[in-house]
Amino acid sequence: MSRAILARRIAIAVAALLVVVLGIVAVLAVTWVRRPFPVTEGEMKVPGLQGKVDVVRNDKGIPQIYADSSDDLFRAQGFVQAQDRFFEMDLRRHITSGRLSELVGEGGLETDRVIRTLGWRRVAEAELPTLKPETRRYLQAYSDGVNAYIHQQGTPSKMSLEYVVLGQKVPDYRVEDWTPADSLAWLKAMAWDLRGDYSDELMRARLAGTMSLAQINELYPPYPYDTNKPILSAQDWTPTTSNATNGSANSALPFAAPATTGKAAKAVKAVKDAKATDPELTAERSPAAEQAYAAVSRALRAVPVTVGRGDGIGSNSWVVGGSRTSTGKPLLANDPHLGVSIPGIWYQVGLHCRSVSSSCPFDVAGYSFAGLPGVVIGHNQSIGWGFTNLGPDVSDFFLEQVRGNTYLRDGKQEPLTMRTETIKIGGGGEQTITVRSTAHGPLLSDALDKVAEAGDSPLVNSRTSPGDYEVALQWTGIEVNQTADAIFGLNTAQNFQEFRAAAKDFAVPAQNLLYADTAGNIGYQAPGSIPIRSRYMESAPGFWIRPGWVSSWDWKGKVPFDEMPWSYNPPEGFIVAANQAVTESGSPFLTTEWDYGFRSQRIRSLLEKNTKVTPATMSQIQGDVRSQFAPTLVKALLKVDLSGDDFTKQAQDLLRKWDYTMPVGASDAGAAAAYYNAVWSSLLDLTFDDELPKDLRADGGDQWMQAMTQLLTKPRSAWWDDKRTAGVAEGQSEILRKALVDARLDLTRELGKDPSDWQWGELHTLTLQHQVLGGDDVPGVVRALFNRGPIELPGGSAIVNANGWDASQGLDDASRSKAFKVDWAPSMRMVLDFSDLDRSRWVNQTGNSGHAFSDHYNDQSEAWAKNELYDWPFSRKAVDAAGGDELVLVPGTTS
């Protein structure tokens, strides 16, 4: 579920109270606005501390915390993050626990039903006792610090302005104490948002009943290894022999592009032969199965976006060895592409033991999540690391045959695992649901009524027992794991061996981990809990609905960590990980849903041009706005004959000398970028959307760019016929012409008649929107309290400066300008300099504070939008030299 949808549902529940004049006046009162602001200077007593803790906040409100013990360090981190971001923390724990309704009223019910069914909080509670003793101690110390803040503030209105607004609807809301499970449950939300995206799996299944596999295959072309290199080359990493047990060639998949090798062809034939003889495989193409997939899609959209996902669940990260840098030491850059919001996803912090030892091993700084102790991305005194999403296929849907409270399993009826959940509703009332599970996982059919209705339909040639069909989800994210151990392991690792040992515990969400150290080494590790699939699934991993009643279709274990790809000091001297394929090998099988590599190859080409990369070069690359796909499309667009249509040709001419960049401001490139993107949006609609369900319309990301690259070489493809024009078969040339014409008309309405006056930045804007109180259905006076923007942004989808937009938005509106609004972007940027860590630089998307009207609510947004970075002092000497506010936390009880 998008933040906009979540905000809309909550807005409906609170709209009546927000029109009350006295309520609005109370919200606007300065007293209420400033009341929750944190104390940042002087001395404060914090119960449970064993010694004095120094909290030094710089001019951006970023705290560097100094303590004599690990327990005091994390107790102080909990206290300080609660000072700045408690409402965000409280909202997150209500979402991840399936208790949003308690905070916002009945508007949270649908979300709660689905998340209770998935059981995030239950898994977090089961996970806690499996963690290392020191991890549990850190989590408890962090919780104690948060609770010290809660007890000190007393009432919600002293913690955040949001409680004042929501309190009109839920006047009896009381803040509960924080627990370690609250922190762990947040890891489940992060894993959900960054999981291998199964929307493509559902899309394939839904389309299979309405068009040929050949036409579907054209939407999913093979990865272009010949033009866009994977993360690791064959000389960087060679798979071990046992890797072959987990699937084989990516191109061998029945829903992928036509096989091009003998091995792949044999795999495809094997699956086809199996389907011809195995009745259990006939279900996934039936109309009822397609309806079930559509219903499951609706259920899963009810889960709120927490960290959000960008193009291809995208991010950029690269590391350059000292032999290729101006400093003689490694440089590492990272900018994860996630959903946009205010406050932003990341909280910047430094955690320092005054004397580093085995009992207090932390000297680390970077980006953390409010609500979770430690640093997620950053560096310590010896090493640094960055993340991009690996995106492996870690989930499968199983069709289950259910009769009463049993389900079919290898010819026998097995009892369903059942539990009841009671959802309390803020303002009064409650709702009880029953969650049922099979051996594979929870039945999503129980989450929403529409899913249950879809499961009642009979499936063609597949029913082997009376009863209903239900859909179960198996996902590694709702298995007990030790990812929390990995975070603290990364924070304290001092070399690549210790880094890999920590990464071994990083189960979900699986990430590409890039590494560098002050000794001059660079490296890469792919961790994660990756299923080994069996039987026909080896040739079709991730694409088939699984018959849950046959155990031979079950997962057969997980890929051993030692068989996951890794590299240390590769000969090339740099590593680029921007969500592209990891290796050209299909072993171990990770996924087929890679980003197609437009961003990664652009980064590689810029690095290859620089024999000595500087820190400034690293930052400049992060801000690169050239489209790698545009030359391909523009070449085709300029071949379109517009004789007799001077009006459209005037716009077409903008593309003739365009350099394929997408800047903001008045310029020839900005005018051309505006027209190009309008043409691209129109072309997607004309080519694809006429045959796709409304909720599956083309978003214009890298998948659609690669598909269009292939279609431009196939003028006879069925996709070139717009099915909405009855009796007319357009063809490629007519569709391209119509896209040029429609875009000219659209921009004339939006930006004026003269194409030279058009600016990409006027269309491509970002409004930083509050997750609960920032939606369009919230009264404007309230939105104005919490939202910020709009901000004109350069770049776009599948571009290094990835300020992404969704071409499927706004198609039903009189104006299509909504499509160009930024809905995901670099969530932060950092450049680590291992010649002197005090010369590293960073920036956040918004600011460190979650308090509206705080000086640090969005004080980094302007620099972030301009691709500017701030100094990042790390040593105590550099921190003190930078100055700022100093707060001393001391043991004692609050009065």
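Residues numbered from 1 in each chain as written. Predicted model: local features only at pLDDT ≥ 70, side-chain atom pairs only at ≥ 80, totals over all residues. Heavy atoms only, no water.

## Quick notes on the state of the cysteines
Now for step 1: All told, the structure shown has one disulfide when counted by the stated rule.
Now for step 2: Paired by a disulfide, Cys-353 and Cys-360 hold their sulfur atoms 2.0 Å apart. Across the S-S bond linking Cys-353 and Cys-360, the dihedral sits near -85 degrees, which makes this disulfide left-handed.
Now for step 3: You can call Cys-360 buried: its relative accessible area is 1%. (Disulfide = S-S within 2.5 Å. Buried < 20%, exposed > 50% of the residue type's maximum accessible area, 1.4 Å probe, protein only.)

## Some words on the pairing of strand 14 (residues 430-437)
Walk down a regular strand and you will see the side chains alternate between the two sheet faces.
Now for step 1: Note that strand 13 (residues 417-424) and strand 14 share eight bridges and pair antiparallel. In the strand pairing of strand 14, Thr-422 is matched with Thr-432.
Now for step 2: Connecting the antiparallel pair strand 13 and strand 14 is a turn made up of five residues, with Gly-427 showing a positive phi of about 95 degrees. (Pairing = 2+ DSSP bridges. Helix = DSSP H or I, 4+ residues; strand = E, 2+ residues; numbered from the N terminus.)

## A word on the side chain of Gln-860
Now for step 1: Residue position: Gln-860 is located in the loop between strand 26 (841-844) and helix 27 (861-865).
Now for step 2: Under the relative-accessibility criterion, Gln-860 is labelled buried at 0%.
Now for step 3: Apart from residues lying up to four places away in sequence, Gln-860 is in contact with Lys-60, Ile-62, Gln-348, Val-843, Asn-844, Gln-845, Thr-846, Gly-847, Asn-848 and Tyr-870. (Contact = heavy atoms within 4.5 Å.)

## Focus on the side chain of Gln-474
Now for step 1: Looking at where Gln-474 falls in the secondary structure, it is placed in strand 15 (residues 468-475).
Now for step 2: Looking at Gln-474, the relative accessible area reads 12%, which means it is buried.
Now for step 3: When sequence neighbours within four positions are dropped, the list of residues in contact with Gln-474 reads Val-394, Ser-395, Asp-396, Phe-398, His-440 and Trp-555.

## A look at the environment of Thr-422
Now for step 1: Along the chain, Thr-422 falls in strand 13.
Now for step 2: Overall, Thr-422 belongs to the partly exposed group, its relative accessible area being 36%.
Now for step 3: A polar side-chain atom of Thr-422 sits 3.5 Å from a polar atom in the side chain of Thr-432. (Polar contact = N/O pair within 3.5 Å; in protein donor to acceptor, adjacent residues only side chain to side chain.)

## Let's talk about the sheet that holds strand 8 (residues 377-380)
Now for step 1: Pairing within the open sheet is mixed, and its eleven strands lie in the order 1-28-2-3-6-7-8-9-16-17-19. Sheet topology places strand 1 (42-46) and strand 19 (566-568) at the edges, where each strand pairs with a single neighbour. For this sheet the average axis-to-axis angle between neighbouring strands, irrespective of direction, equals 15 degrees.
Now for step 2: Two strands pair when backbone bridges link them, and strand 7 (residues 363-368) and strand 8 are joined in this way by four bridges, in the antiparallel orientation. Looking across to strand 8, one finds that Val-364 is bridged to Asn-380.
Now for step 3: Seen against the sheet, helix 16 (residues 483-492) touches strand 7, strand 8 and strand 9 (383-389) and runs at an angle of roughly 140 degrees to strand 9. (Axes fitted to C-alpha atoms, helices over the stretch in contact; angles between N-to-C directions.)

## With respect to helix 11 (residues 199-207)
Now for step 1: Most of helix 11 is tucked away, with eight of its nine residues classed as buried.
Now for step 2: All of the buried residues along helix 11 are Asp-200, Glu-201, Leu-202, Met-203, Arg-204, Ala-205, Arg-206 and Leu-207.

## Here we look at the confidence of the model for the protein
Now for step 1: The predicted model of the protein averages 87 in pLDDT, with 84% of residues at 70 or higher.
Now for step 2: Confidence over residues 241-284 falls short of pLDDT 50; this stretch has 92 contacts with residues more than four positions distant or in other chains.
Now for step 3: The model gives residues 450-464 a pLDDT under 50, and that stretch makes 45 contacts with residues more than four places away or in other chains. (pLDDT = per-residue confidence, 0-100.)

## Regarding the environment of Ala-825
Now for step 1: Within the secondary structure, Ala-825 sits in strand 24 (residues 822-826).
Now for step 2: Spatially, the C-alpha atoms of Ala-825 and Gly-339 are 6.5 Å apart, while their sequence positions differ by 486 residues.
Now for step 3: The contacts of Ala-825, once residues within four sequence positions are left out, are Pro-336, His-337, Leu-338, Val-340, Ala-802, Asn-803, Gln-845 and Trp-864.

## Considerations on the pairing of strand 12 (residues 412-415)
Now for step 1: Summarising the sheet, strand 11 (residues 406-409) and strand 12 pair through four bridges and their orientation is antiparallel. Bridging from a neighbouring strand, Arg-409 pairs with Lys-412 of strand 12.
Now for step 2: The hairpin formed by strand 11 and strand 12 contains two residues between the paired strands, and Asp-410 there has a positive phi angle of roughly 55 degrees.

## Points about the packing of helix 4 (residues 70-96) against helix 8 (residues 133-153)
Now for step 1: Two elements in contact, helix 4 and helix 8, have axes separated by 7 Å at closest approach and are oriented at 50 degrees. Taken together, the axis directions place helix 4 and helix 8 in an arrangement best described as oblique. Considering how the two elements wind past one another, helix 4 and helix 8 form a crossing that is right-handed. In contact with Ser-70, Asp-71, Phe-74, Arg-75, Gln-77, Gly-78, Phe-79, Gln-81, Ala-82, Gln-83, Phe-86 and Met-89 of helix 4, helix 8 contributes Arg-137, Tyr-138, Ala-141, Tyr-142, Asp-144, Gly-145, Val-146, Ala-148, Tyr-149, Ile-150 and Gln-152. (Parallel < 35°, antiparallel > 145°, perpendicular 65-115°, else oblique. Left-handed = near helix turned anticlockwise from the far one by under 90°.)

## Focus: a negative patch on the surface
Now for step 1: On the surface, a cluster of negative charge is contributed by Asp-754, Asp-757, Glu-762 and Glu-792.
Now for step 2: On the secondary structure map, Glu-792 appears in strand 22 (residues 788-792).
Now for step 3: A residue is classified by how much of its surface remains accessible, and Glu-792, at 38% relative accessible area, is partly exposed. (Patch = residues over 30% accessible without salt bridge, like charges linked within 9 Å, V, L, I, M, F, W, Y side chains within 5 Å. Areas by Shrake-Rupley, 256 points an atom, 1.4 Å probe, with all protein chains shown as cover. Salt bridge = Lys/Arg side-chain N within 4 Å of Asp/Glu carboxyl O. Lys, Arg positive; Asp, Glu negative; His and termini not counted. Charge placed at Lys NZ, Arg CZ, Asp CG, Glu CD.)

## A short note on the nonpolar core
Now for step 1: Counting 242 residues, the largest nonpolar core has Trp-658, Tyr-675, Trp-680, Phe-688 and Leu-889 as its most contacted members.
Now for step 2: It is helix 22 (residues 668-689) that contributes the most residues to this core, 14 residues altogether.
Now for step 3: With residues up to four places along the chain from it excluded, the contact list for Trp-680 reads Phe-629, Leu-633, Gly-700, Trp-704, Met-705, Met-708 and Trp-805.
Now for step 4: Counting six residues, the second-largest nonpolar core is a separate cluster that includes Phe-398, Val-402, Leu-416 and Ala-472. (Core = buried A, V, L, I, M, F, W, Y, C linked by side-chain atoms within 4.5 Å.)

## A short note on the packing of aromatic side chains
Now for step 1: Following the criterion strictly, the structure yields 36 aromatic pairs and no others.
Now for step 2: Here the aromatic rings of Phe-74 and Tyr-138 are separated by 4.9 Å at their centres, their planes lie at 40 degrees, and the arrangement is tilted. Of the two residues, Phe-74 is situated in helix 4 and Tyr-138 in helix 8; the sequence distance between them amounts to 64 residues. Residues Phe-74 and Tyr-138 agree in their burial class; the two are buried.
Now for step 3: Ring geometry for Phe-87 and Tyr-163: centres 5.2 Å apart, planes at 80 degrees, overall edge-to-face. On the criterion of sequence distance, the pair formed by Phe-87 in helix 4 and Tyr-163 in helix 9 (residues 161-166) is long-range, its members being 76 residues apart.
Now for step 4: Owing to a relative accessible area of 5%, Phe-87 belongs among the buried residues under this scheme.
Now for step 5: For Tyr-163, a relative accessible area of 6% gives the class buried. (Phe/Tyr/Trp six-rings, centres within 6.5 Å; stacked < 30°, edge-to-face > 60°.)

## Side note on helix 18 (residues 598-608)
Now for step 1: For helix 18, a buried count of ten out of eleven residues is recorded, marking the element as mostly surrounded by other parts of the structure.
Now for step 2: Every buried residue of helix 18 is listed here: Phe-598, Arg-599, Ser-600, Gln-601, Arg-602, Ile-603, Arg-604, Ser-605, Leu-606 and Leu-607.

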